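So you can see what is in the structure, the chains are spelled out below.
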Amino acid sequence: IARLRRTAGSLTEASMDLGADGPTTFRRVTLPSLRTAIVAGALLAFGLSFDEIVVTKYLAGTIQTLPLWIYGNIQRPFNRPIVNVVVLVVLVLSMIPIYIAQRLTGAAQGIAATEEAGPG
């Protein structure tokens with residue numbers, strides 16, 4: 001919501017003035033400006049589900065979630081190699097969207113810096 005509030009309304013208005021309908025404006029203007037915020041929110045929710053194991057335990061009910069499985073198996077020595085591999089895979093899969101979001105943000109900042117510098 002914070003990113004949506006910071007987005008200039010003139011972008012949406014310009015898109016509509018140029019003949020785009022509502023769904024096209026959302027897909028081509030609004031969603032790209034919100035993309036990194038959505039990825040950041042998803043990663044934060046994913047990370048908090050591992051961090052708040054007590055909350056996860058109460059909210060999961062009888063369902064065996066990944067954080068609860070890791071928590072339950074980390075104290076058993078014969079399952080430790082499996083837990084280590086699962087945690088490594090989760091870390092690598094978490095870093096991929098972070099890297100992509102950083103590249104997208106870095107590319108957007110590079111374009112803005114180039115536009116501010118003006119013609120060569």
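Structure first, text after, so check above.
Residues numbered from 1 in each chain as written. Predicted model: local features only at pLDDT ≥ 70, side-chain atom pairs only at ≥ 80, totals over all residues. Heavy atoms only, no water.

Draft legend 1. View of the overall build of the chain. Secondary structure assignment for the chain yields six helices and zero strands. Going from N to C terminus, the chain has its helices and strands arranged as α-α-α-α-α-α. Relative to its full complement of 120 residues, the chain shows a buried share of 13%. At a minimum sequence separation of 6, the contacts of the chain that also span at least 24 residues come to 37%. Within the structure as shown, the chain displays about 9300 Å² of accessible surface, and the carbon and sulfur contribution to it stands at 67%. (Helix = DSSP H or I, 4+ residues; strand = E, 2+ residues; numbered from the N terminus. Buried < 20%, exposed > 50% of the residue type's maximum accessible area, 1.4 Å probe, protein only. Contact = heavy atoms within 4.5 Å. Areas by Shrake-Rupley, 256 points an atom, 1.4 Å probe, with all protein chains shown as cover.)

Draft legend 2. Highlighting the environment of A42. Among the secondary structure elements, A42 is positioned in helix α3 (residues 22–51). The class for A42 is partly exposed, based on a relative accessible area of 47%. Spatially, the C-alpha atoms of A42 and P97 are 9.7 Å apart, while their sequence positions differ by 55 residues.

Draft legend 3. Local environment of the environment of V54. Along the chain, V54 falls in helix α4 (residues 53–60). Considering only alpha carbons, one finds V54 and L68, 14 residues apart in sequence, at a separation of 9.4 Å.

Draft legend 4. How the structure looks around α3. Of all the bends in α3, the largest measures some 50° and sits at L31, one to four residues before the proline P32. All of the buried residues along α3 are T25, T30, L34 and T36. (Bend = angle between axes of the 7 residues up to and from the residue.)

Draft legend 5. Local environment of the side chain of S15. By the secondary structure assignment, S15 is in helix α2 (residues 9–17). In this structure S15 comes out as buried when scored by relative accessible area, which is 12%. In this structure the side chain of S15 is engaged in a polar contact, spanning 3.0 Å, whose partner is the side chain of T25. (Polar contact = N/O pair within 3.5 Å; in protein donor to acceptor, adjacent residues only side chain to side chain.)

Draft legend 6. Quick peek at the packing of α2 against α3. Remark: α2 packs on α3, axes separated minimally by 10 Å, with the N-to-C direction vectors making an angle of 130°. With respect to α3, the element α2 is oriented oblique. Where α2 crosses over α3, the two elements pack in a sense that is right-handed. On α3, the residues touching L11, T12, S15 and M16 of α2 are G22, T25, V29 and T30. Considering only residue class, the contact of α2 with α3 consists of three nonpolar, five polar and no charged. (Axes fitted to C-alpha atoms, helices over the stretch in contact; angles between N-to-C directions. Parallel < 35°, antiparallel > 145°, perpendicular 65-115°, else oblique. Left-handed = near helix turned anticlockwise from the far one by under 90°. Nonpolar A, V, L, I, M, F, W, Y, C, P; charged D, E, K, R; others polar.)

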